[in-house]
Amino acid sequence: MSTVPYGLRAKRRRAAPRAKRAKQALRTLGFLSPWLIGLTVFFLYPLLSTVYFSFMKYDGFTAPTWVGLKNWAYVLQDNPFFWPALRNTLWLMVVMVSLRVVFGLGVGLLITKIKTGAGFFRTLFFLPFLAPPVAATMSFVFLLNPGTGPVNTLLDTIGIEGPQWFNDPSWSKPSLTILALWCVGDLMVIFMAALLDVPKEQYEAADLDGANAWHRFRYVTLPNISPIVLFSVVCGVIATMQYYTEPLVAAKVASGVIGGSGQQFEPGYPEKSTLTVPQVIYNLGFQRFDTGAACVVALVLFVLAMAFTALLMRRRSGFLSAED
Amino acid sequence: MTDTTLAPVKAPAPTPRTETPAHRTAKRKAALEWVAVHSLAIAVGLFFLLPFVFVFLTAVMSDDQALTRDLWPKTWEWGNFGTVWETPGFLTWWKNTLLYAGLGTLLAICSSLPVAYALAKFRFRGRNVMMMAVIAAMMLPPQVVIVPMYLFWAKQLDLAGTLWPLIIPMGFGNAFTIFLLRQFLLTIPREYTEAAKIDGCGEFRTLIRVVVPMCKPAISAAALFHFFYSWNDYFGPQIYASENPAAWTLSYGLESFKGAHQTDWNLTMAATVLVMAPVIFLFFFAQKAFVEGVTLTGVKG
């Protein structure tokens, strides 16, 4: 029992916070300060700068001059790489992302069913995800090379003439897709965790109703994990927008034009089939020194990436919500 | 009627020694499923394993044999690894990669932890906006801001040709690290931090003394992710370091290695093995932390 009358206590409680609140604000600011600086210097400033340069002619050496929408017109009408890159990115978003999600889910399901040696299989299935992309891509260009590659050698022994893989414009994206399927470990782990979270009672109830394996998957598993499926699709789509290292290294190694050989590398070899949007930014900004046009492509990429991020944030509001 | 209701409930017959046909079919079905699941697992396992095997087998072939379609090495040329190791530059790439990955990771963790703590535990206006900024920055393709960023580092600070433009920003919070740590910090009950405060700890001391020991698994997962990210990064070193071979990293140098050894698949694959090996080695030490980290990003949202 407190001796302080109720009214007085309430007053004291109200009076104290003003100084305290200022202190708290300062404390919050202190904790957030690294990120506030980082956000401003490495995110907001360059973003505004990108918008600024998209209206400028600038080669990095002479002073920038205002050209209005000329860069936009150039990129959308005359640049030979922009539209092929966008088309390739769309292809990868549709085919590569969906195959990866389906394969990741399948492998995740398989892992949960394995009774003997589950730990071994889990590690094995996950391991390729860790292979550095440059190393993994070079390995696959070797494995799939039409001359001495093991894959075509094996196909030969069973009487199939293997395709030209990374050297054929219609096979280069499927080859990249095979590489992406090999590195499916991240999705496998995410799906595995989601599958283990499905309530057991629901499967028991389904069994009582006489459900077969497909029914169990369709009416119990899938509804339970559908938020995770959506999450993986959206994250995959966003990751596809920055897909850069694998197609570039594959094209360079497969075309044989790399590392100071003096030859000019043909972007997107073969026949622009592996060109992606980030490669266009690199080509414009760092090979042709056309800063303005590079920034236009960067802004297109920014708008696309943010649209999908907004979708993700709306669907997974748990990303934002805190405990209170 | 009355008979049956009054009669003591018959206990189900004890499982007979001799199996009923129903039992047998159930057992056979389980055995069949075991065989089906494990054959499938082996088939899928081969898809994941064989690329490693072929890469390794080629890495130990002789120069002549690497030009043929042979799959199995006639002689085991372990010296290939030594040849790669002694290639001029290879050791420098190693050192650079360790510097980029090691120092970058250390900075990223130290600067991201307080931010993640504030976003998870403090109540303040604009917290949701800040969180959205973290997610947006995390999802933003690095290529969107690369042109002005390069101009900033190269023209204003004259740091082109070094890895510092990649390391210094890590001292100012890394969006993915902040996100990962914050997701974990949300799971720590408020009681722990409140108790520390009652004991007279300030927020910073609470973070160091109470929170950090509690989220060691999340910190190691975040550190691993960041280490792997820098180890594997190709785009960053290409932008900032390509003009200066002395600043190349393994990922970037590996590609030029192929250029210098155009037809020597054996040496190229030996170099590939040497770049992959440390990552895989590290994984076996920290498998649990790593898998937990992946799960944390996707499921606990």
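Residues numbered from 1 in each chain as written. Chains lettered and ligands numbered in written order. Predicted model: local features only at pLDDT ≥ 70, side-chain atom pairs only at ≥ 80, totals over all residues.

Chain B has the name Carbohydrate ABC transporter permease in an unreviewed UniProt entry, where Streptomyces mesophilus is given as its organism. Taken directly from UniProt, the Subcellular location (unreviewed entry) text for chain B runs: "Cell membrane". The UniProt entry for chain B carries this comment under Sequence similarities (unreviewed entry): "Belongs to the binding-protein-dependent transport system permease family." (UniProt positions renumbered as here; feature names shortened; annotations may be inferred.)

Looking at an unreviewed UniProt entry, one finds chain A named Sugar ABC transporter permease, with Streptomyces mesophilus as its source organism. Under the Subcellular location (unreviewed entry) heading, UniProt states for chain A: "Cell membrane". Database annotation for chain A, UniProt heading Sequence similarities (unreviewed entry): "Belongs to the binding-protein-dependent transport system permease family."

> Residues and numbers for the overall build of chain A, please.
The secondary structure content of chain A amounts to 14 helices and two strands. Counting the 324 residues in chain A, one finds 42% classified as buried. A sequence separation of at least 24 residues applies to 69% of the contacts in chain A between residues at least 6 apart. (Helix = DSSP H or I, 4+ residues; strand = E, 2+ residues; numbered from the N terminus. Buried ≥ 20, exposed ≤ 12 C-beta atoms within 10 Å, placed from the backbone. Contact = placed C-beta atoms within 7 Å.)

> Can you lay out the UniProt feature "transmembrane region" (unreviewed entry) in chain B for me, pointing to particular residues and giving the numbers?
All names here are of chain B. UniProt's entry tags residues 34–61, 98–120, 132–151, 163–185, 206–229 and 265–286 with the feature "transmembrane region" (unreviewed entry), counted in the numbering of this structure. A distance of 31 Å separates the end C-alpha atoms of residues 163–185, which is 65% helix and 0% strand. Counted over residues 206–229, helix gives 96% and strand 0%. Its end C-alpha atoms are 30 Å apart.

> Outline the environment of W91 of chain A, supporting the account with residue identities and numerical values.
The residue W91 of chain A is located in helix α4 (residues 82–113) in this model. Along the chain, W91 of chain A and W35 of chain A lie 56 residues apart, while their C-alpha atoms are 36 Å from each other.

> Account for the UniProt feature "transmembrane region" (unreviewed entry) in chain A, naming residues and giving values.
Residues and elements named next belong to chain A. In the UniProt entry, the feature "transmembrane region" (unreviewed entry) is given for residues 28–48, 90–112, 124–144, 176–198, 219–244 and 291–313. Along residues 28–48 one finds 100% helix and 0% strand; the C-alpha atoms at either end are 27 Å apart. Within residues 176–198, the helical portion is 83% and the strand portion 0%, while the C-alpha atoms at the span's ends are 33 Å from each other.

> Please set out the confidence of the model for chain B residue by residue, giving values where relevant.
Residue and element names in this part refer to chain B. For chain B, the mean per-residue pLDDT works out to 85, and 91% of the residues sit at or above 70. Per-element averaging of pLDDT across chain B places helix α1 (residues 2–6) at the bottom with 42 and helix α8 (residues 164–167) at the top with 95. Predicted confidence is poor over residues 1–9, with pLDDT under 50, and the contacts of this stretch with residues over four places away or in other chains come to zero contacts. At the level of chain-chain contacts, confidence expressed as ipTM amounts to 0.85, with global pTM at 0.87. (pLDDT = per-residue confidence, 0-100.)

> Let's hear about the packing of helix α14 (residues 250–260) of chain B against helix α15 (residues 265–285) of chain B: which residues, and what values?
All names here are of chain B. The geometry of α14 relative to α15 is characterised by a closest axis approach of 10 Å and an angle of 175 degrees between their N-to-C directions. Put simply, α14 runs roughly antiparallel to α15. Contact residues: L250, L254, F257 and K258 in α14; T268, A271, T272 and V275 in α15. Looking at the contact of α14 with α15 residue by residue, the class counts come to five nonpolar, two polar and one charged. (Axes fitted to C-alpha atoms, helices over the stretch in contact; angles between N-to-C directions. Parallel < 35°, antiparallel > 145°, perpendicular 65-115°, else oblique. Nonpolar A, V, L, I, M, F, W, Y, C, P; charged D, E, K, R; others polar.)

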